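Observations on the three-dimensional arrangement
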Amino acid sequence: MNHLDIKSLNLEELTEKLKALGQPTFRAKQIFEWLHSKLVTNYDAMTNLPINLRETLKEKYPIIALEEVNSLHSAKDETIKYLFRLKDNQVIESVLMKYQYGNSVCISSQVGCQMGCKFCASTIGGKERDLLPSEMLDQIYRIQVLSGQRVSNVVIMGTGEPFDNYDNLMRFLKLLTDSMGLNLSARNITVSTCGIPDRIRAFAEEEMPITLALSLHAPNNEIRKQLMPVAKKYELDEVLDAFKYYYDKTGRRLTFEYSLVEGINDEKEHAKELAGRIKGLNCHVNLIPVNPIKERNFRQSASERILNFKNILEKNRINVTIRREMGADINAACGQLRKSYMDNQSKT
Ligand code: SAH
């Protein structure tokens, strides 16, 4: 179990800590608001706290705040990609995407990833460690402060497998939707998973109406295994059953992510097989032209093949969109910025 820093504590836990310091209950509330609503990063900014309490807190409960290393602004759209440094010098990446409906931030849930998906840059060096709830929150907090933009949507779709860091993820989600914090609506949050059935079921029991996205990427087990090692552990039907269970419990429309890789999962037969498999589910398919990474020789499907794939799904009355490639000019695909930063560091 990770040691939890002050920004990872909920109000009750914070109240307990302050009580132990002989402080009244309202102090905890004040600190919680400074951290999670006013988004300050040091105790000196908490001007309504007595100075001696600030000094004690500095000693006992150092505040975790991410440090901006770099930001890349897309010339094609308004996407901004941030590279942040953590206390132990690890770096992580997060992305701000501006849509008509509001600002969306894509955050990382781990430093690196151990799931091993073949087309993904985040997993090449394996997993370094899990992120703390505060480190997930602070990606959003810092982006809101740095960009001066209010964040209305959050997707946990950056580096890492959120369900491989389940307890911290849940803590993070509760703090993010806390009425005294940023107070985001659970409906505006999406968690994306490679598909771990028991965690999907546990998540269904949490009773938070969060959108769940499943990285499907194949119409059957055989192809899925070629792209995603996790498919060797869990049969597709088992994953889909857990996914359906999530729908039954929450009523949230399901999202499938399907990255099209030329010659591997983008044939007409694959589209038909996929349609047969998910027909009748209240779902949405996001087709993503695979973003080629230099470490692998996967190629993006030609746009005609992508359109054919889409048409077959639509003929089967399945909701489908082709995801716009936001920020493609700034290494915005999963883990590419962090990877290129690390590669450069190791050269120097
Ligand atoms: N581990 C989680 C969330 C992180 S990955 C998951 O698997 O869902 C977020 C999404 O981006 C996943 O659907 C993943 O498969 C996809 N992805 C990763 N690298 C990609 C690439 N190079 N091109 C297209 N999609 C990619």
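Counting of residues starts from 1 at the beginning of each chain's written sequence and follows it residue by residue. Local features are withheld for residues below a pLDDT of 70 in this predicted model, meaning they are given only at 70 or higher, and side-chain atom pairs are given and counted only at 80 or more; totals for whole chains, interfaces and linings count all residues. Derived side-chain values reflect all non-hydrogen atoms in the structure, with water molecules and hydrogen atoms excluded from consideration.

1. Here we look at a negative patch on the surface
Only residues above 30% relative accessible area that lack a salt bridge enter a patch, with like-charged residues linked at up to 9 Å and the nonpolar side chains Val, Leu, Ile, Met, Phe, Trp and Tyr linked at up to 5 Å. Methods summary: accessible areas were calculated by the Shrake-Rupley approach with a probe of 1.4 Å, and residue burial reflects only the protein chains presented. When a carboxyl oxygen of Asp or Glu is within 4 Å of a side-chain nitrogen of Lys or Arg, the pair counts as a salt bridge. By the counting scheme adopted, Arg and Lys are positive, Glu and Asp are negative, and His together with the chain ends is not counted. To locate a charge, take NZ of a lysine, CZ of an arginine, CG of an aspartate or CD of a glutamate. A cluster of acidic residues, D198, E222, E235, E238 and E273, forms a negative patch at the surface. Whether a residue is buried, partly exposed or exposed follows from its accessible area with a 1.4 Å probe, protein chains only, as a fraction of its type maximum: under 20%, in between, or over 50%, in that order. Relative accessible area serves as the criterion here: at 37%, E238 is assigned to the partly exposed category.

2. Side note on the pattern of salt bridges
Within this structure, the stated rule accounts for 23 salt bridges. For D44, the salt bridge goes to K58, with nearest N and O atoms at 3.1 Å. Here D44 is found in the loop between α2 (25-36) and α3 (51-60), whereas its partner K58 is found in helix α3, with 14 residues between them in sequence. Judged by its relative accessible area of 42%, D44 falls in the partly exposed class. A salt bridge links R85 to E67; its shortest N-O distance comes to 3.2 Å. Taken together, the residues R85 in strand β2 (residues 80-85) and E67 in strand β1 (residues 67-73) connect sequence positions 18 residues apart. The partly exposed category is assigned to R85, whose relative accessible area is 21%. Residue classification places E67 among the partly exposed residues on the basis of a relative accessible area of 43%. Strands are runs of DSSP state E lasting at least 2 residues, helices are runs of H or I lasting at least 4, and numbering of each runs from the N terminus.

3. Observations concerning the domain arrangement of the protein chain
For the protein chain, the assigned domains read domain 1 (6-60) and domain 2 (67-347). Of the residues lining the interface, 14 residues belong to domain 1; the matching set on domain 2 comes to 15 residues. Buried area, as used here, totals the accessible surface that two parts lose on assembly, with accessibility defined by a 1.4 Å probe and the loss added over both. Both sides of the domain 1 and domain 2 interface together cover about 1200 Å² of buried area, and 61% of this is carbon and sulfur. It is K7, S8 and L39 in domain 1 that bury the most area against domain 2; as a group they hold 47% of the surface buried on that side. For E13, the salt bridge goes to R171, with nearest N and O atoms at 2.7 Å. We call two N or O atoms a polar contact when they sit within 3.5 Å, provided that within protein one can donate a hydrogen and the other can accept it, with sequence-adjacent residues counted only if both atoms are side-chain atoms. Run the count over domain 1 and domain 2 and you get 7 residue pairs in polar contact (both at pLDDT 80 or more). Those elements that provide at least two residues to the side of domain 1 that touches domain 2 are α1 (11-20) and α2. Broken down by element, the side of domain 1 that touches domain 2 gets its largest block of residues, 5 residues, from α2. Put simply, Ala, Val, Leu, Ile, Met, Phe, Trp, Tyr, Cys and Pro go in the nonpolar bin, Asp, Glu, Lys and Arg in the charged bin, and everything else, Gly too, in the polar bin. Here the residues of the side of domain 1 that touches domain 2 sort into 5 nonpolar, 5 polar and 4 charged. Domain limits in this description derive from either an automatic procedure or a database domain assignment. Any two residues having at least one pair of non-hydrogen atoms within 4.5 Å are treated as being in contact.

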